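Architecture and fold: a report
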Amino acid sequence: MNMPVLLLNANYEPLNVCTTRRALRFLISGKAKMLVNGRGVVHTVRLSYPRPSVIRLGYMIKRPRPRVKLTKHEIFRRDDHICQYCGTHSKGLTIDHIMPRYRGGEYTWSNLVTSCPDCNRRKGGRTLREARMALRKQPREPRASASYLYGSHLPKNEEWQPFLVGW
Ligand SMILES: [Zn+2]
């Protein structure tokens, strides 16, 4: 009952990933319809239901554009777990403040990058110019596309693929 179900808005925009339990409540109450099943059947005491994988609301939910939460994990992910100075995949990656914290550098998408320990040490508390170092690309807030937000579920839920494209 805890298997993930992709919940779509009435216009097919992916809204969320919820549990099978919650998805069944949407279906039974008539608020949503099942788009993809393919997971067999759920039995309750009296009835059995096809087990949903993708459901779609019968009405539109308005909400602000989703954003990727700024965390260390998400910065590594945005940077493909590659040091943004030397381009290596290394163990023990760190987060570097491009403009050092003590000089007013903020905790923002555009001031944080993935760095290997060596480059982080080499740069120290200096600016890029002072350290004569360069970034491989300008860091930005990643777009919260459906593939970015929910793509990690794809290996186990391949049938979601067509619903994530284009959002
Ligand atoms: Zn490096």
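What counts, and at which threshold
Residues numbered from 1 in each chain as written. Predicted model: local features only at pLDDT ≥ 70, side-chain atom pairs only at ≥ 80, totals over all residues. Heavy atoms only, no water. Buried < 20%, exposed > 50% of the residue type's maximum accessible area, 1.4 Å probe, protein only. Helix = DSSP H or I, 4+ residues; strand = E, 2+ residues; numbered from the N terminus. Arc of directions from axis to C-beta. Contact = heavy atoms within 4.5 Å. Donors = N, O, S within 2.8 Å, 3.2 Å for Na, K, Ca; no water. Tetrahedral: all angles 85-135°; square planar, octahedral: opposite > 155°, others 65-115°. Phe/Tyr/Trp six-rings, centres within 6.5 Å; stacked < 30°, edge-to-face > 60°. Lys NZ or Arg CZ within 6 Å of the ring centre and 35° of its normal. Pairing = 2+ DSSP bridges. pLDDT = per-residue confidence, 0-100. Salt bridge = Lys/Arg side-chain N within 4 Å of Asp/Glu carboxyl O.

1. Focus on helix α1 (residues 20-28)
Among all positions of α1, only Thr20, Ala23, Leu24 and Phe26 are buried. When α1 is viewed along its axis, its buried side chains cluster within an angular range of 155 degrees and face the same direction. Exposed residues on α1 whose side chains face more than 90 degrees from its buried face are Arg25 and Ile28. Next to the buried residues of α1 lie β1 (4-8), β2 (14-19), β3 (32-36), β4 (41-43), β5 (48-50) and β6 (54-57). Phi turns positive, to about 80 degrees, at Gly30, one or two residues after α1.

2. Describing the coordination of the zinc ion
The coordination sphere of the zinc ion contains the protein donors Cys83 (SG), Cys86 (SG), Cys116 (SG) and Cys119 (SG), at a distance range of 2.3 Å. Here the zinc ion binds four donor atoms, and the angle range of 102 to 116 degrees at the metal identifies the geometry as tetrahedral. Among the residues examined, Cys116 registers a relative accessible area of 4% and is labelled buried.

3. Here's the deal with unusual backbone geometry
At His81, a residue that is not glycine, the phi angle is positive and equals roughly 55 degrees. Residue position: His81 is located in the loop between α2 (72-78) and β7 (94-97). Overall, the relative accessible area of 37% leaves His81 in the partly exposed class. Not every positive phi belongs to a glycine, and Arg132 is a case in point at roughly 55 degrees. For Arg132, the location among the structural elements is in the loop between α4 (128-131) and α5 (146-150). Taking the relative accessible area as the measure of exposure, Arg132 reaches 77% and is therefore exposed.

4. Comments concerning the packing of aromatic side chains
Counting across every chain of the model gives zero aromatic pairs. The ring centre of Tyr148 lies 4.0 Å from the NZ or CZ of Arg77, which sits over that ring.

5. Focus on the pairing of β1
Within β1, four of the five residues are buried, which leaves it mostly tucked inside the rest of the structure. In this sheet, β2 lies alongside β1 in antiparallel orientation, the contact comprising five bridges. Following the sheet pairing, Pro4 is matched in β2 by Thr19. Two strands pair when backbone bridges link them, and β1 and β6 are joined in this way by three bridges, in the parallel orientation.

6. A short note on the confidence of the model for the chain
Counting all residues, the mean pLDDT for the chain is 93, and 99% of those residues have values of 70 or more. Element-level pLDDT for the chain is lowest in β4, with a mean of 80, against a maximum mean of 98 in strand β8 (residues 112-115).

7. Notes on the pattern of salt bridges
The full count for this structure, using the stated rule, is seven salt bridges. The partner of Arg77 in a salt bridge is Glu74, with the nearest N and O atoms 3.3 Å apart. Of the two residues, Arg77 and Glu74 are both situated in helix α2; the distance of three residues between them amounts to about one turn of the helix. On the basis of relative accessibility, which here comes to 28%, the residue Arg77 falls in the partly exposed class. In this structure, the salt-bridge partner of Arg78 is Asp79, at a minimum N-O distance of 2.9 Å.

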